[in-house]
Amino acid sequence: MKFQPRASHFIDGEYVEDTNGAAIEVIYPATGEVIARLHSATPAIVEKALNSAKNAQAAWAALSGTERGRILRRASDIMRERNYDLSVLETHDTGKPIQETTVADATSGADALEYFGGLAASLTGEHIPLGGGDFVYTIREALGVCVGIGAWNYPTQIACWKGAPALACGNTMVFKPSETTPLSALKVAEILVEAGAPKGVYNVIQGYGDVGASLVSDPRVAKVSLTGSVPTGRKVYAAAADGMKHVTMELGGKSPMIVFEDADIENAVSGAILGNFYSSGQVCSNGTRVFVQKGIKEAFLKRLSERLAHAKIGDPMDEDVSFGPMVSENQMNIALGYIEKGKAEGARLVYGGERIERDGYFVQPTVFADVTDNMTIAREEIFGPVMSVLDFETEEEVMARANDTEFGLAAGVFTNDLTRAHRIVAGFEAGTCYINTYNLAPVEAPFGGSKMSGVGRENSKLAINHFSEMKTVYVSMNDVEAPY
Ligand code: NDP
């Protein structure tokens, strides 16, 4: 099999196998064929990975930030040089079109390695002068062994978004990809070693939720960073709390996108397309509740349908294809189930709405209009190519409705009224907001959610605070005054 890795796990600088672990079949979502066979980690593998990360951590943290950064930047260069091959792998692992994977996966991972590699040498504490000549200095210290647990939609990106800041700060990592997409994280581990990372600094083990759970509860682990759904987030956060571990939770969403009558309709349609159909809608920050002001509703829907007719659906390895399959049969059935609910609850189907008759797990890009706030498709995260269009009349009304959700990952507004744009984003209860665009996530900017969508932030300088902690050192320049 062309995509079969040398072994299932990558621990202590090398590939490791234990065939006693439960079988994991990797399926190419465009055809349903098995492209690799792996094994879930046994307790012995979990133990080996955690020991390796623990043993490597002190020496890694003792390197200068410049040295750690140089390794991360070298890894970034290697990833960029191999972008095409890594993208082919990512396309087979996830089903996402090669048109997307060549610009949004290994490249985004490389951005994170480069950015945090660049920051590594500048990570410091501070000097705090006090009265009478006393002072405090702070030392920024690594947390220790960090666990990363990934979802299946952006496997390379998630492996790097968690690994790069963790390693820059002097932590080591055990990363567990989703069992649906286990292949590319192994490549990230290989590349880091090739770039000079000492063995044990970045380990990858495969497995189902039980493997993730055993990592989270292990006393050697200081921090857990999860990208996943809200129900999994709840479990992982609770297990981490038991050991008082640090957490970052990047969870799901049902984000609003508001389009006012004065917006540039072409831009708003582009935003709605990117925010609903990129990666076949399997993006956590998608703006799946598109609120369109009444006066432009029909014009918006007409342009949207015209442009969706130009989506080229098909073999994701064809460079002209812009819309591929969903990641798995299971995920396809979830999306089709929601489409049926939308129809049954009275939403107006404007576009798509069916499985595509061909091999693999293809669902048409689907648009419902006349969606109301209480319909299931407007309340629950679908994680598929299903857009809900809702109408509104006033700014005040739409603001309240946009925030009426347990989630708070992202939110966007399209308008040409400058003051309204800023007023709207000030009112959004969401971690990541957009004005006149949607779904961009550059490494320089913090990314993460409010409310049930998460805790903490990835990317940007803020991620450093989530992968390190400050030690305070009080220095007295005077005699010690005791009362007796
Ligand atoms: P899941 O929550 O099902 O799984 C996420 C990861 O957690 C998987 O690796 C999973 O393993 C693992 N896991 C499951 N149960 C446990 C447990 N008890 N302890 C530790 N680990 C566990 O999410 P999906 O993989 O289905 O991904 C889709 C979800 O991810 C969506 O809800 C989406 O919104 C969210 N997401 C959020 C992003 C963000 O940045 N906010 C980005 C991308 C996705 P296994 O797969 O083996 O079950």
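Look a little higher up for the structure.
From a predicted model like this one, the values you see are computed outputs, not experimental measurements. (Residues numbered from 1 in each chain as written. Predicted model: local features only at pLDDT ≥ 70, side-chain atom pairs only at ≥ 80, totals over all residues. Heavy atoms only, no water.)

J.: Is there a simple way to think about the overall build of the protein in this case?
T.: Of regular secondary structure, the protein possesses 16 helices and 22 strands. Whereas a compact globule of 484 residues would reach a radius of gyration of roughly 23 Å, the protein reaches 24 Å, a difference of no more than 12%. Considered along the principal axes of its C-alpha atoms, the protein spans approximately 80 × 60 × 40 Å. Buried positions account for 57% of the 484 residues belonging to the protein. In the protein, the proportion of contacts linking residues at least 24 apart, taken out of those at least 6 apart, comes to 73%. If you sum the accessible surface of the protein, you get close to 19,200 Å²; carbon and sulfur atoms cover 52% of it. One finds the centroid of the 43 positive side-chain charges in the protein at a distance of 1 Å from the centroid of its 61 negative side-chain charges. (Helix = DSSP H or I, 4+ residues; strand = E, 2+ residues; numbered from the N terminus. Rg over C-alpha atoms; globule rule 2.2 N^0.38 Å. Buried < 20%, exposed > 50% of the residue type's maximum accessible area, 1.4 Å probe, protein only. Contact = heavy atoms within 4.5 Å. Areas by Shrake-Rupley, 256 points an atom, 1.4 Å probe, with all protein chains shown as cover. Lys, Arg positive; Asp, Glu negative; His and termini not counted. Charge placed at Lys NZ, Arg CZ, Asp CG, Glu CD.)

J.: Help me understand the site of the ligand in this model?
T.: In the vicinity of the ligand lie 29 residues, with Glu179, Ser229, Thr232, Leu251 and Glu381 positioned nearest. At 2.7 Å, a backbone N or O of Gly150 approaches an oxygen atom of the ligand. Between an oxygen atom of the ligand and a main-chain N or O atom of Gly207, the distance comes to 3.4 Å. Its atoms largely coinciding with the cavity grid, the ligand occupies the largest pocket. Elements with a contribution of two residues or more to the shell around the ligand: helix H8 (209-216), strand E10 (221-227) and helix H9 (230-242). In the shell around the ligand, the residues fall into 13 nonpolar, 11 polar and five charged. (Near = heavy atom within 4 Å. Polar contact = N/O pair within 3.5 Å; in protein donor to acceptor, adjacent residues only side chain to side chain. 1 Å grid on protein atoms, 1.4 Å probe; cavity = no way out; pocket = protein on both sides within 12 Å on 5 of 7 lines; lining within 4 Å. Sits in = over half its atoms within 2 Å of the grid points. Nonpolar A, V, L, I, M, F, W, Y, C, P; charged D, E, K, R; others polar.)

J.: How should I be thinking about the state of the cysteines in this particular structure?
T.: A disulfide bridge is the covalent bond that connects two cysteines by way of their sulfur atoms. What the rule picks out here adds up to zero disulfides. Cys433 takes part in no disulfide bond, and the closest cysteine sulfur, belonging to Cys284, lies 14 Å away. For Cys433, a relative accessible area of 31% gives the class partly exposed. (Disulfide = S-S within 2.5 Å.)

J.: Would you mind going over the packing of helix H2 (residues 65-81) against helix H6 (residues 155-168) with me for this structure?
T.: Put simply, H2 and H6 touch, their axes get as near as 10 Å, and they point 160° apart. The orientation of H2 relative to H6 falls into the category roughly antiparallel. Crossing angle aside, the handedness with which H2 passes H6 is left-handed. Between H2 and H6, the residues in contact are Arg68, Leu72 and Met79 and Thr156, Cys160, Ala164, Leu167 and Ala168, respectively. When its residues are assigned to classes, the contact of H2 with H6 shows six nonpolar, one polar and one charged. (Axes fitted to C-alpha atoms, helices over the stretch in contact; angles between N-to-C directions. Parallel < 35°, antiparallel > 145°, perpendicular 65-115°, else oblique. Left-handed = near helix turned anticlockwise from the far one by under 90°.)

J.: What is the right way to look at the sheet that holds strand E19 (residues 432-435) in this model?
T.: If you trace the seven strands from one edge of the open sheet to the other, you get E14-E15-E16-E13-E12-E18-E19, paired in mixed fashion. Lying at the two open borders of the sheet, with one neighbouring strand each, are strand E14 (348-351) and E19. With direction set aside, neighbouring strand axes in the sheet form an average angle of 20°. Taken together, the three bridges between strand E12 (residues 256-259) and strand E18 (residues 410-414) define a ladder with parallel strand orientation. In the strand pairing of E18, Val259 is matched with Phe414. Strands E12, strand E13 (289-293) and strand E16 (386-392) of the sheet are contacted by helix H14 (residues 395-403), whose axis makes an angle of about 145° with E16. Against the sheet, helix H15 (residues 418-427) touches E12, E18 and E19, its axis set at about 165° to E19. (Pairing = 2+ DSSP bridges.)

J.: Please clarify how the layout of surface pockets should be interpreted in this entry.
T.: Over the atoms, a rolled probe matching the size of one water molecule traces out where space is still vacant. Approximately 1,000 Å³ is the volume found for the largest pocket. Secondary structure elements with two or more residues in the lining of the largest pocket: H8, E10, H9 and helix H12 (329-344). Here the element with the most residues in the lining of the largest pocket is H9; it accounts for six residues. In this structure, the second largest pocket encloses a volume near 580 Å³. Around the second largest pocket sit 25 residues that line it, and Tyr154, Gln157, Asn439, Leu440 and Ala441 are the ones nearest its centre. Only helix H4 (98-104), helix H5 (106-120) and H6 provide two or more residues apiece to the lining of the second largest pocket. It is H6 that contributes the most residues to the lining of the second largest pocket, three residues altogether. (Points joined across faces, edges and corners; volume = space filled by probe spheres on them.)

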